Amino acid sequence: MVFKSLRAFVDTNVLVNIVYSITLHHRLNKPKPMILGLLESEKLVLYTDNAVINELKGGALRNLLMTVDKVKHGWCDIEINQMEQYCIDELSYLLSKGYVRVIEDDKALEVQRRALQNRPTRRVCWKGEVMDQLLSSGPSEDIDVVNSLLYAYDLLATVPRRGGPGITTGRLVFITNDKE
């Protein structure tokens with residue numbers, strides 16, 4: 001596979017920070033974050049999954065917003081609910097532009113999805129024994145994200161495109177700022 005851009009899978013913590021920094025730029029005229037330039041120029045495509053999106057909307061975004069210095073960041077008279085809505089609107093914008101793509105919903109990956117679902121021999125990471133090994137050594141609350149990462153790796157980096165014989169090797173960068 002030949003890619004025109006770097007593709008990376010982001011977890012909840014990273015996605016929250018990206019969405020927040022881009023929201024600051026668009027809503028409060030803060031300097032443009034470098035990552036937005038990379039996304040707009042299509043040098044970078046961010047992938048995530050529904051578990052991350054749900055986690056972001058279900059509490060991670062609010063947790064971040066509750067810890068920011070509202071005065072320093074320019075949110076002086078804006079309530080946290082409004083800040084949260086601005087960020088969710090920004091996430092919707094990023095999704096609509098294709099800067100952030102949800103792995104389960106990306107139409108361009110339909111062939112790869114069918115190959116993984118129907119042909120278990122195509123799976124490198126997204127299989128039971130790998131998941132069992134990771135679960136025995138990692139925190140159980142991350143099971144959905146780990147499962148998504150393994151699925152994303154096989155989908156984006158190893159399943160061949162139409163007519164491509166065998167499994168093509170590739171890299172999928174996983175970006176996180178989890179301390180554990």
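Residues numbered from 1 in each chain as written. Predicted model: local features only at pLDDT ≥ 70, side-chain atom pairs only at ≥ 80, totals over all residues. Heavy atoms only, no water.

Taking 1.5 Å of rise per residue, 17 residues should cover 24 Å, and helix 1 (residues 12-28) covers 23 Å from first to last C-alpha, within 8% of that figure. Where helix 1 ends, the next residue or the one after it, Asn29, has phi of about 55 degrees, a positive value. (Helix = DSSP H or I, 4+ residues; strand = E, 2+ residues; numbered from the N terminus. Expected span 1.5 Å × (residues − 1).)

Even without glycine at this site, Asn29 takes up a positive phi of about 55 degrees. Its place among the elements puts Asn29 in the loop between helix 1 and helix 2 (34-40). Classification of Asn29 as exposed rests on a relative accessible area of 68%. Of note in this structure, Glu42 is not a glycine but carries a positive phi near 65 degrees. Note on placement: Glu42 falls in the loop between helix 2 and strand 2 (44-48). Residue Glu42 is classed as exposed on the basis of its relative accessible area of 58%. (Buried < 20%, exposed > 50% of the residue type's maximum accessible area, 1.4 Å probe, protein only.)

What follows is about the pairing of strand 1 (residues 6-10). The side chains of a regular strand alternate, residue by residue, between the two faces of the sheet. The buried count for strand 1 comes to 4 of 5 residues, which makes it a mostly enclosed element. Sheet analysis places strand 1 next to strand 2, joined by 4 bridges and oriented parallel. Each bridged residue has a counterpart across the sheet, and for Arg7 the counterpart in strand 2 is Val45. Looking at chain direction, strand 1 and strand 4 (residues 173-175) are connected through 3 bridges and run parallel. Looking at the pairing, Phe9 lines up with Phe174 of strand 4. (Pairing = 2+ DSSP bridges.)

Moving on to helix 3 (residues 50-67). Here helix 3 contains 18 residues, and its C-alpha end-to-end distance of 25 Å stays within 8% of the 26 Å for a straight helix at 1.5 Å per residue. Of all the bends found along helix 3, the most pronounced is centred on Leu56 and spans about 55 degrees. Those residues of helix 3 not exposed but buried are Val52, Ile53, Leu56, Gly59, Ala60, Leu61, Leu64 and Leu65. Looking at the buried positions of helix 3, the neighbouring elements they touch are strand 1, helix 1, strand 2, helix 5 (80-97), strand 3 (100-102) and helix 8 (143-158). (Bend = angle between axes of the 7 residues up to and from the residue. Contact = heavy atoms within 4.5 Å.)

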